[in-house]
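Coordinate analysis (summary)
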Amino acid sequence: MPRVARSVDEEEEAFNACIQRIEEWWRSPKQAHLKRPYTAARVAGLRSNLEQKYASSDMAEKLWKQMHEHDAKGTHEMTFGTTDPIIASQIAKYSQTLYVSGSLCNSSETYEPGADHADYPWDTVPKVVEKLFRGQQWQDQRQRHYRMLHSKEERAKMDEWDYLTPIIADGDMGFGGLTSTVKLTKLFVESGVAMFHLDDLAIGCKKFTTGEGRTVIPLSEYEDRLIAARLQIDIMGAETLLCGRCDIDDSEYITNVTDPRDHEYIQGATVPIESLEKVLRAASAAGKSVLSARKQWISDSGLSTFDEAVQKVANETEFAAYKAKLGEQTVPIEQRRVIAEATVSKPVFFDWDLARIRGGQYFYKTCVKAMIERAVAVAPLTDVTWGRMDAPKWEKIEKFHQGMRAIIPDRLFLFGYTGQYDYAKAGFTEEMVKNMGVEMAKMGVVWQVQPVWAAQGMNMVVDEFAKMWAEEGIAAYVEKVQKPALAMSPNPDGFGKTSYRGAHFADGLYDAIVSRDY
Ligand SMILES: C[C@](O)(C(=O)O)[C@H](CC(=O)O)C(=O)O
């Protein structure tokens, strides 16, 4: 039987050398801000004997450099989402990066489309990243071949695009268990991604039209999710970047109360009342609106956090004493009750179980302070932060990013302009909208994306063309598409002056094979 041709002493020596290489790597400038909860020995013990290099590392280092250059200049990247290599090749002319949206993948890259629910197969987004990255490499190879068919003088006058724009991808919530997140991470690294983001949402709980907020997971589970991803990146020895996305801004529920760091934000009934679920079941049985019954219960129950419950029954002096005793550290609910008993004369009624909803979730009162606490807690595991917001509230944008940088001065951020942002409703003037990208860049928001343009802008383009083509046919195509396209500069590719569609490259391969030189 073939055995590994090496003595146990050599094995031991190789293993210890691997540990030292990992420890040295972790001291490198790009890794130094990270703090792992596991040792280099544990990582070495999870590696195979085949240590590989990944293109993901090259693309991550390119992105890391780009983001820090933007930060130093107070500028920012603007890109948008696509799942199509042809669109990606055109984005490369004006943006330095590319984004792969989970929402878009769920509507255009799955056998069974869906809403932005991350209910698609876990390997969907990494496969789209790989498709786009392969497309980028082919465009780069094709362009290089075409250029080198020309003299230096001719090349000096030709367009040359950097098609190898780092790809940032949506890892959603890591798709379930920790080993699912490990596998997702492995595929992302192997796909050539530069960075991916993981959020703190509970899987499968998003609601879109009922007015209910998102469900998040306890901070400890969010940390584990990110540790799983960081560990797999370390096992692969990759430079791939990890973004901690925090989705609590639009949340209303949390799956459980195991982490005392969340207790400050959990809401409960502050008067004795029938449980919410019991009331909703009765309303449903009576054919009444469950949403109205829910709204009424929230009002009747005096739904509040524990601190708000204390404030309702304490006088000013008592509440000040209560808050002073709490201090700034994490105080679990049972300790909050003890402090309330010691500082407030009246009894405090607070029951978070009465408010639990059908899936067992607890009500959660989000705020910027909670967003900052979460983002800071996971910063040692992540390279950048994304505080996701369902609507643009400038005060909140400022409070979050400035609050984060007051604690981590060099933190970099991502930001997503989702398609349904209503700026007027959010109190933005036209001037504010025009300047928000630049103003956010001053706070370290160096990468800004419109994730789902393809589900909005592309629909407009296709709608317009489909109507024209159906009604006016080829004559309109020649006048409104073909002629303008061929006249454009830089050439929008497709046909005409460049080798965009690969004709020259294909012939170049053929000619090399049959060794015929032009
Ligand atoms: C970025 C996002 O995660 C996505 O899937 O593209 C979505 C986009 C959107 O809802 O517009 C999100 O922001 O949650």
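The shown structure was predicted, so the numbers you read here are calculated from the model rather than taken from an experiment.

**Notes on the overall build of the chain**
When helices and strands are tallied, the chain shows 19 helices and 13 strands. By its C-alpha atoms, the chain is 95 × 75 × 50 Å across when sized along the principal axes. By the burial criterion, 48% of the 518 residues in the chain qualify as buried. For the chain, restricting intrachain contacts to residue pairs at least 6 apart in sequence, the fraction spanning at least 24 positions comes to 76%. Of the side-chain charges in the chain, 63 are positive and 75 negative, and the distance between the mean point of each set is 1 Å.

**Description of the packing of aromatic side chains**
A full pass over the atoms with the stated rule returns 23 aromatic pairs. Ring plane angle 65 degrees and centroid distance 6.1 Å describe the contact between Phe-400 and Phe-413, whose orientation is recorded as edge-to-face. Residue Phe-400 is located in helix α16 (residues 394-407), and its partner Phe-413 is located in strand β12 (residues 413-416); the two are separated by 13 residues in the primary sequence. Here Phe-400 falls in the buried class, since its relative accessible area comes to 0%. Here a set of aromatic residues connected by ring pairs shows up, and it is made of Phe-306, Phe-319, Tyr-322, Phe-350, Trp-352 and Tyr-362. Across the ring face of Trp-64, the terminal group of Lys-30 is positioned such that the distance to the ring centre comes to 5.9 Å. Over the ring of Trp-25 we find Arg-36, and its NZ or CZ is 5.8 Å from the ring centre.

**Some thoughts on the environment of Gly-237**
Along the chain, Gly-237 falls in the loop between α9 (219-235) and β6 (241-246). Taking the C-alpha atoms as reference, Gly-237 lies 26 Å from Ser-101; in sequence the two are 136 residues apart. Once residues within four sequence positions are removed from consideration, Gly-237 is found in contact with Trp-25, Arg-47 and Ser-57.

**Remarks on the environment of Met-440**
Within the secondary structure, Met-440 is located in helix α17 (residues 430-441). In this structure Met-440 comes out as buried when scored by relative accessible area, which is 0%. Along the backbone, Met-440 and Ala-454 are 14 residues apart, and their C-alpha atoms lie at a distance of 24 Å. Filtering out sequence-adjacent residues up to four positions away, Met-440 remains in contact with Trp-394, Ile-397, Phe-415, Tyr-417, Val-445 and Gln-448.

**Comments concerning the nonpolar core**
With 100 residues, the main nonpolar core has Met-67, Val-100, Met-195, Phe-196, Phe-400, Met-436 and Met-440 as its most contacted residues. The element best represented in this core is helix α15 (residues 368-378), accounting for six residues. Lining this core are residues from two domains, each supplying at least three of them: domain 1 (52-250 + 366-451) and domain 2 (260-364). Not counting chain neighbours up to four residues away, the residues in contact with Val-100 comprise Thr-82, Cys-105, Val-125, Val-128, Val-129, Leu-132, Ile-167, Ile-168, Ala-169 and Asp-170. Counting twelve residues, the second-largest nonpolar core is a separate cluster that includes Ala-269, Ala-283, Leu-303 and Leu-354.

**Remarks on the sheet that holds strand β5 (residues 214-216)**
Taken in spatial order, the five strands of this open sheet run β5-β7-β10-β8-β9, and their pairing is mixed. At either end of the open sheet lies a strand with only one pairing partner, and these are β5 and β9 (304-305). Pairing geometry for strand β8 (residues 266-268) and strand β10 (residues 362-364), over two bridges, is antiparallel. Bridge pairing links Gln-267 to Phe-363 in β10.

**Quick word on the site of the ligand**
The ligand sits among 13 residues. The nearest are Ser-101, Ser-103, Asp-170, Arg-245 and Arg-388. Ser-103 is positioned such that a nitrogen or oxygen atom in its backbone is 2.9 Å from an oxygen atom of the ligand. At a separation of 2.9 Å, an oxygen atom of the ligand approaches a polar side-chain atom of Arg-245. Taken by itself the ligand offers 340 Å² of open surface, and the protein chains cover 95% of this.

**Focus: the packing of helix α12 (residues 306-313) against helix α13 (residues 316-326)**
Where α12 contacts α13, the axes come no closer than 9 Å and their chain directions differ by 155 degrees. Looking at the two axes, α12 sits roughly antiparallel to α13. Packed against α12, whose contacting residues are Phe-306, Asp-307, Val-310, Gln-311 and Val-313, the element α13 presents Glu-318, Phe-319, Tyr-322, Lys-323 and Leu-326 at the interface. The class makeup of the residues in the contact of α12 with α13 is six nonpolar, one polar and three charged.

**Focus: the domain arrangement of the chain**
Here the chain is partitioned into domain 1 (52-250 + 366-451), domain 2 (260-364) and domain 3 (456-514). Measuring from the centre of the C-alpha atoms in domain 1 to the corresponding centre in domain 2 gives 36 Å. The interface of domain 1 with domain 2 comprises 16 residues on the first partner and eight residues on the second. Buried area between domain 1 and domain 2, both sides added, is near 1000 Å², and the carbon and sulfur share of it is 47%. In this assembly, domain 1 and domain 2 are joined by four salt bridges. When the shortest N-O distance is used, the salt bridge between Lys-369 and Glu-264 registers 2.8 Å. Put simply, domain 1 and domain 2 have seven residue pairs in polar contact (both at pLDDT 80 or more) between them. Elements with a contribution of two residues or more to the side of domain 1 that touches domain 2: α9 and α15. Partitioning the side of domain 1 that touches domain 2 into residue classes produces seven nonpolar, four polar and five charged.

**Comments concerning the UniProt feature "binding site: Mg(2+)" (unreviewed entry) in the chain**
Sequence positions flagged by UniProt for "binding site: Mg(2+)" (unreviewed entry) are, in local numbering, Asp-170. Tracing the backbone shows Asp-170 in strand β3 (residues 167-170). If sequence neighbours within four positions are ignored, Asp-170 has contacts with Tyr-99, Val-100, Ser-101, Gly-102, Ser-103, Tyr-120, Val-125, Phe-188 and His-197.

**Let's talk about the layout of surface pockets**
Here the second largest pocket is characterised by a volume of approximately 590 Å³. Every residue lining the second largest pocket is counted, 29 residues in all, and those nearest its centre are Arg-214, Arg-388, Asp-390, Thr-418 and Gln-420.

**Focus on empty space enclosed by the protein**
The probe, sized like a water molecule, is rolled over the atoms to show the empty space still left. Scanning the model with the defined rule gives one cavity of 30 Å³ or more in all. Taken as a whole, the largest cavity encloses approximately 50 Å³ of empty space. Lining the largest cavity, in full, are Pro-85, Ala-88, Ser-89, Ala-92, Leu-132, Gly-135, Gln-136, Gln-139, Tyr-163 and Thr-165. The set of elements that each furnish at least two residues to the lining of the largest cavity consists of α4 (85-91) and α6 (124-147). Examining the composition of the lining of the largest cavity, we find that four residues originate from one element, α6, more than from any other. In terms of residue class, the lining of the largest cavity is made up of five nonpolar, five polar and no charged.

Procedures and definitions
Residues numbered from 1 in each chain as written. Predicted model: local features only at pLDDT ≥ 70, side-chain atom pairs only at ≥ 80, totals over all residues. Heavy atoms only, no water. Helix = DSSP H or I, 4+ residues; strand = E, 2+ residues; numbered from the N terminus. Buried < 20%, exposed > 50% of the residue type's maximum accessible area, 1.4 Å probe, protein only. Contact = heavy atoms within 4.5 Å. Lys, Arg positive; Asp, Glu negative; His and termini not counted. Charge placed at Lys NZ, Arg CZ, Asp CG, Glu CD. Phe/Tyr/Trp six-rings, centres within 6.5 Å; stacked < 30°, edge-to-face > 60°. Lys NZ or Arg CZ within 6 Å of the ring centre and 35° of its normal. Core = buried A, V, L, I, M, F, W, Y, C linked by side-chain atoms within 4.5 Å. Domains from an automatic or database assignment. Pairing = 2+ DSSP bridges. Near = heavy atom within 4 Å. Polar contact = N/O pair within 3.5 Å; in protein donor to acceptor, adjacent residues only side chain to side chain. Areas by Shrake-Rupley, 256 points an atom, 1.4 Å probe, with all protein chains shown as cover. Axes fitted to C-alpha atoms, helices over the stretch in contact; angles between N-to-C directions. Parallel < 35°, antiparallel > 145°, perpendicular 65-115°, else oblique. Nonpolar A, V, L, I, M, F, W, Y, C, P; charged D, E, K, R; others polar. Buried area = accessible area lost by both parts, 1.4 Å probe. Salt bridge = Lys/Arg side-chain N within 4 Å of Asp/Glu carboxyl O. UniProt positions renumbered as here; feature names shortened; annotations may be inferred. 1 Å grid on protein atoms, 1.4 Å probe; cavity = no way out; pocket = protein on both sides within 12 Å on 5 of 7 lines; lining within 4 Å. Points joined across faces, edges and corners; volume = space filled by probe spheres on them.

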